[in-house]
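An overview of the molecular structure
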Amino acid sequence: MGWIFVTSAAISEIIGVIGLKLFSTKKNLRTGSLFLGGFGLSFFLLYQAFAYLHLSTAYAVWIGMGTAGAVIINMIFFGESKSGARIFSLILIVVGVTGLKLVS
């Protein structure tokens, strides 16, 4: 159950990041709701995960998944750089998160 909460929290964080990006260019209720709602739900779900998982592992996996997801979304939809070094760094994040999950 803890991993479901962490995964849901990471997805909510990515929604919050999308909302933040959109809110930075167009301030309205919709983008503000995505921004605040995404991050708010993310923190709530992460907190729920702590009942099942160690804080250090849950937090690290949440951060890794959220960061990787945000980078991918920004590269695909918002035109951020797709350089080899950036993609390699993204792979390292995914490997680290996967390793933490496997040993927990």
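These numbers were taken from a predicted model, which means no experiment stands behind them.

Attention now goes to a nonpolar patch on the surface. A grouping of Met-1, Ile-4 and Tyr-52 is seen on the molecular surface, where their side chains present a nonpolar patch of about 360 Å² in accessible area. Position of Met-1 among the secondary structure elements: in the segment before helix H1 (2-25). Residue class for Met-1 comes out exposed when judged on its relative accessible area of 55%.

Of all hydrophobic cores here, the largest spans 12 residues; its members are Phe-5, Val-6, Ala-9, Ala-10, Leu-45, Leu-46, Ala-49, Leu-53, Ala-58, Val-61, Trp-62 and Val-97. Where this core is concerned, the elements lending two or more residues are H1, helix H2 (29-49) and helix H3 (55-77). Top element by residues in this core is H1. It accounts for 4 residues. For Val-97, the residues in contact, after removing those within four places along its chain, are Ala-60, Val-61, Gly-64 and Met-65.

This part is about the environment of Lys-82. Along the chain, Lys-82 turns up in the loop between H3 and helix H4 (84-102). Along the sequence, Lys-82 and Trp-3 sit 79 residues apart, while their C-alpha atoms lie 29 Å from each other. Residues contacting Lys-82, with those up to four places away along its chain left out, are Met-75 and Ile-87. There is a polar contact of 3.0 Å between the side chain of Lys-82 and the backbone oxygen of Met-75.

Tallying each qualifying case throughout the model produces 1 salt bridge. A salt bridge links Glu-80 to Arg-86; the nearest nitrogen and oxygen atoms lie 2.5 Å apart. Classification of Glu-80 by relative accessible area gives partly exposed; the value is 29%. Assessed through its relative accessible area of 27%, Arg-86 is described here as partly exposed.

Scored by pLDDT, the protein chain has a mean of 94; 100% of the residues are at 70 or more. Of all the helices and strands in the protein chain, H4 carries the lowest mean pLDDT, 90, while H2 carries the highest, 97.

With that settled, the discussion passes to the UniProt feature "transmembrane region" (unreviewed entry) in the protein chain. Within the UniProt annotation, "transmembrane region" (unreviewed entry) is assigned to residues 6-23, 35-53, 59-78 and 85-103. This span, residues 59-78, is 95% helix and 0% strand, and a straight line between its end C-alpha atoms measures 26 Å. Across residues 85-103, helical content stands at 95% and strand content at 0%; the span's end C-alpha atoms are separated by 27 Å.

Parameters at a glance
- Residues numbered from 1 in each chain as written.
- Predicted model: local features only at pLDDT ≥ 70, side-chain atom pairs only at ≥ 80, totals over all residues.
- Heavy atoms only, no water.
- Patch = residues over 30% accessible without salt bridge, like charges linked within 9 Å, V, L, I, M, F, W, Y side chains within 5 Å.
- Areas by Shrake-Rupley, 256 points an atom, 1.4 Å probe, with all protein chains shown as cover.
- Salt bridge = Lys/Arg side-chain N within 4 Å of Asp/Glu carboxyl O.
- Helix = DSSP H or I, 4+ residues; strand = E, 2+ residues; numbered from the N terminus.
- Buried < 20%, exposed > 50% of the residue type's maximum accessible area, 1.4 Å probe, protein only.
- Core = buried A, V, L, I, M, F, W, Y, C linked by side-chain atoms within 4.5 Å.
- Contact = heavy atoms within 4.5 Å.
- Polar contact = N/O pair within 3.5 Å; in protein donor to acceptor, adjacent residues only side chain to side chain.
- pLDDT = per-residue confidence, 0-100.
- UniProt positions renumbered as here; feature names shortened; annotations may be inferred.

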